[in-house]
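For reference, the chains in residue letters:
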Amino acid sequence: MTLRAEAHTAPVTEIRRFGPVQKWVHRTTAALMGVCVVTAAFLYVPELAELVGRRELVVRVHECAGLALPVPVLVGLVFRHFRADLGHLNRFGPHDKIWLRAALRRDKRQSQRPAAKFNAGQKVYAAWIAGASLVMLGTGLIMWFTHLTPLMWRTSATFVHDWLALTIGIVLAGHIGMAIGDPQARQGLRTGKVSREWAEREHPLWRP
């Protein structure tokens, strides 16, 4: 007598959004950026500077973290899945224009905010923070190697570096605030997986 077991396929409730490489790059970059922001605060806010006292040490930590900031992304470029995600971030489509117009109108209806794996806001943020980080690295090097550039260059670099650092701090605060308000997005970066319901609602054009 042959017994036949009926196969019941359970519905997939979670789907993979990020792999180990993407998670490592994000965490390492976030840690280095955090060190840069915190040390910058201790360097420029007198009340915080008095708490540390060892300004030279804080400067060295700030410089090392800034120089290391591009390293995680450069390491990630070795891996195909990370390069694929960068391709998604760098590619804007007609649906992204619709998303941005809805965001500017504060229209939160999901039907007016179509998105693939990354929405238009995430793409704009990624492009801006990447460009800002490169500018910070360049101006920081000019400020560090003072004997290589004329005084006017160093003065201009200091001005740009300081004000852009303040802007980055504000943008990062907004980025963190949005992440706090979206537990599923945080879960995707923490575990690599998100619920299918969230993906279909927030990123309807994404095909995992």
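Computed from a predicted structure; not experimentally measured.

K.L.:
Help me understand the environment of Lys97 in this model?
P.N.:
Among the secondary structure elements, Lys97 is positioned in helix H6 (residues 94-104). Using a relative accessible area of 56% as the deciding quantity, one classes Lys97 as exposed. Taking C-alpha positions, Lys97 is 7.6 Å from Ala120, a pair spaced 23 residues apart along the chain.

K.L.:
What should I look at first to understand H6 in this one?
P.N.:
Three- or four-residue spacings in an α-helix give side chains the same orientation, since the helix completes a turn every 3.6 residues. For H6, the full list of buried residues reads Asp96, Trp99 and Ala102. In a view along the axis of H6, the buried residues occupy a sector of 125 degrees, so they form one face of it. Structural note: H6 exposes Pro94, Lys97 and Leu104 on the side pointing more than 90 degrees away from its buried face. Check the buried side of H6 and you find it contacts helix H7 (120-144). Taken from the residues just after H6, Arg106 is the one with a positive phi, measuring 60 degrees.

K.L.:
How do you make sense of unusual backbone geometry when you look at a structure like this?
P.N.:
In terms of backbone geometry, most residues other than glycine have negative phi values and most peptide bonds are trans. At Arg106, a residue that is not glycine, the phi angle is positive and equals roughly 60 degrees. A relative accessible area of 73% means that Arg106 is categorised as exposed.

K.L.:
Whenever I open this one, the packing of helix H1 (residues 20-44) against helix H9 (residues 183-191) confuses me. Can you help?
P.N.:
Helix-helix packing is described using two parameters, namely the angle between the two axes and the distance between the axes. Packing of H1 against H9 leaves a shortest axis separation of 8 Å and a crossing angle of 105 degrees. Between H1 and H9, the interaxial angle falls into the category roughly perpendicular. Residues Lys23, His26 and Arg27 of H1 form the contact with H9, whose own contacting residues are Leu189, Arg190 and Thr191. Class assignment for the residues of the contact of H1 with H9 results in 1 nonpolar, 2 polar and 3 charged.

K.L.:
It is not clear to me how the packing of H1 against helix H3 (residues 55-68) should be interpreted in this structure. Could you clarify?
P.N.:
Remark: H1 packs on H3, axes separated minimally by 9 Å, with the N-to-C direction vectors making an angle of 150 degrees. The orientation of H1 with respect to H3, classified from their angle, is roughly antiparallel. Like other packed secondary-structure pairs, H1 and H3 cross with a definite hand, here left-handed. Across the interface between the two elements, Leu32, Val35, Cys36, Thr39, Ala40, Phe42 and Leu43 of H1 pack against Arg55, Val58, Val59, Val61, His62, Ala65, Gly66 and Ala68 of H3. Here the contact of H1 with H3 is composed, by residue class, of 11 nonpolar, 3 polar and 1 charged.

Each value, and the rule that gives it
- Residues numbered from 1 in each chain as written.
- Predicted model: local features only at pLDDT ≥ 70, side-chain atom pairs only at ≥ 80, totals over all residues.
- Heavy atoms only, no water.
- Helix = DSSP H or I, 4+ residues; strand = E, 2+ residues; numbered from the N terminus.
- Buried < 20%, exposed > 50% of the residue type's maximum accessible area, 1.4 Å probe, protein only.
- Arc of directions from axis to C-beta.
- Contact = heavy atoms within 4.5 Å.
- Axes fitted to C-alpha atoms, helices over the stretch in contact; angles between N-to-C directions.
- Parallel < 35°, antiparallel > 145°, perpendicular 65-115°, else oblique.
- Nonpolar A, V, L, I, M, F, W, Y, C, P; charged D, E, K, R; others polar.
- Left-handed = near helix turned anticlockwise from the far one by under 90°.

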